[in-house]
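# Overview (structure and organization)
Listed below are the residues making up each chain.
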Amino acid sequence: MNALLICSGGFDSVTLAYRLASEGALGALLTFDYGQRHVKEIDAARLCAQQLKVPHLVLDIGHIGRQLSSALTDDIDVPHGHYSEDNMKLTVVPNRNAIMLTIAFGVAASRGLNTVALAVHGGDHFIYPDCRPDFIRLFGEMQAQALDGVAQVGLFAPYVHSDKIEIARDAARFNVPIIDTWSCYEGGEHHCGRCGTCVERIEAMSLAGIVDPTPYLDTQFWQAAVANVKDKAGD
């Protein structure tokens, strides 16, 4: 495998970068600037590429992102809580993965790379339709047709049937510099500790039993958010 990894600079994609690099299977990182408010994640992706000594491509698709309404791109308050809460639908960027993957397959084919890698995981399924197993399978089949006779590029999404706890375990296994990754949707100086991705990040590392060196503005909120979801599930 010689993979082009779509890397946001977040915990999941950076962990996959280190996993692929350990296997000698990482060819390059591809990061998209789509007008996200947490644009500092691009710096985290750039640092990851430097640490792993692989090429880093940053594509500006802000003109597309401006047409896609979401709390991640618009002047809308980022919702706080667990990803299973209904208000997290505000963080959906319509067709984001489909758009990014389409571009990534073209880039991979053009650069002679044989795989596009993506770190979507089971925790994304509830809220993001373009992170679900059927989407990943069908998109790979569609691209096989789109590049028929041009290039053979596969789609590698090793966590699509796993959860973020497994990613956290891989982060420990492959010595990922967690503190250098950026997840928070707020895009402030420090991780907020309250948005969906912060809550999920803290919860996963806690359940995996690994030390989270990330400084959070709120270190307690995640426990209440998780408890709230469990209470609702028990009703």
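This text follows the structure it describes.
Here is a short report on the structure shown in this document.

Attention now moves to unusual backbone geometry. One non-glycine residue with positive phi stands out, namely Lys-53, at about 60°. Inspection of the secondary structure puts Lys-53 in the loop between helix H2 (41–52) and strand E3 (56–60). One non-glycine residue, Asn-175, lies in the positive phi region at around 55°. Residue placement: Asn-175 occurs in the loop between helix H6 (164–173) and helix H7 (196–208).

As used here, a disulfide is simply a covalent bond connecting the sulfur atoms of two cysteines. Counted under the stated rule, the structure contains zero disulfides. Its sulfur unpaired, Cys-7 is 4.7 Å from the next cysteine sulfur, which belongs to Cys-48. You can call Cys-7 buried: its relative accessible area is 1%. Of the cysteine sulfurs around Cys-192, a residue in no disulfide, the closest is that of Cys-184, at 3.6 Å. A relative accessible area of 9% means that Cys-192 is categorised as buried.

Below, the discussion takes up the pattern of salt bridges. Per the counting criterion, the structure on display carries 10 salt bridges. Here Arg-46 ties to Asp-43 by a salt bridge, and the two come within 2.8 Å at their closest N and O atoms. Taken together, the positions of Arg-46 and Asp-43, both in helix H2 and three residues apart, correspond to about one turn of that helix. The partly exposed category is assigned to Arg-46, whose relative accessible area is 35%. Salt-bridge contacts for Arg-194 lead to Asp-218; the nearest nitrogen and oxygen are separated by 2.8 Å. Placement of Arg-194 in the loop between H6 and H7 and of Asp-218 in the loop between H7 and helix H8 (221–234) is noted, with a sequence separation of 24 residues between them. The class for Arg-194 is partly exposed, based on a relative accessible area of 29%. Taken together, the shared-partner salt bridges connect Arg-19, Glu-23, Asp-170 and Arg-173 into one network.

This brings us to H7. With 13 residues, H7 should reach 18 Å at 1.5 Å per residue; the first-to-last C-alpha distance of 18 Å fits that figure. H7 sits mainly inside the fold: 11 of its 13 residues count as buried. Residues Gly-196, Thr-197, Cys-198, Val-199, Glu-200, Arg-201, Ile-202, Glu-203, Ala-204, Met-205 and Ala-208 constitute the buried set of H7. Immediately beyond the C-terminal end of H7, within one or two residues, lies Gly-209, with a positive phi of roughly 75°.

With 12 residues, H2 ought to run about 16 Å at 1.5 Å a step, and its terminal C-alpha atoms sit 17 Å apart, in line with that. Taken together, the buried positions of H2 are Glu-41, Ile-42, Ala-44, Ala-45, Cys-48, Ala-49 and Leu-52. The arc enclosing the buried residues of H2, seen along the axis, measures out at 160°, which places them on a common side. For H2, the secondary structure elements touched by its buried residues are helix H1 (11–22), strand E2 (26–33) and E3. Following H2 by one or two positions, Lys-53 has its phi on the positive side, about 60°.

The next point concerns the packing of helix H4 (residues 96–111) against helix H5 (residues 133–146). Relative to each other, H4 and H5 sit at 35°, their axes nearing to 11 Å. Read as a crossing pair, H4 and H5 show a hand that is right-handed. From H4, Asn-97, Ala-98, Leu-101, Thr-102 and Phe-105 reach across to H5, where they touch Phe-135, Phe-139 and Gln-143. In terms of residue class, the contact of H4 with H5 is built from five nonpolar, three polar and no charged.

So, how was this worked out
Residues numbered from 1 in each chain as written. Predicted model: local features only at pLDDT ≥ 70, side-chain atom pairs only at ≥ 80, totals over all residues. Heavy atoms only, no water. Helix = DSSP H or I, 4+ residues; strand = E, 2+ residues; numbered from the N terminus. Disulfide = S-S within 2.5 Å. Buried < 20%, exposed > 50% of the residue type's maximum accessible area, 1.4 Å probe, protein only. Salt bridge = Lys/Arg side-chain N within 4 Å of Asp/Glu carboxyl O. Expected span 1.5 Å × (residues − 1). Arc of directions from axis to C-beta. Contact = heavy atoms within 4.5 Å. Axes fitted to C-alpha atoms, helices over the stretch in contact; angles between N-to-C directions. Left-handed = near helix turned anticlockwise from the far one by under 90°. Nonpolar A, V, L, I, M, F, W, Y, C, P; charged D, E, K, R; others polar.

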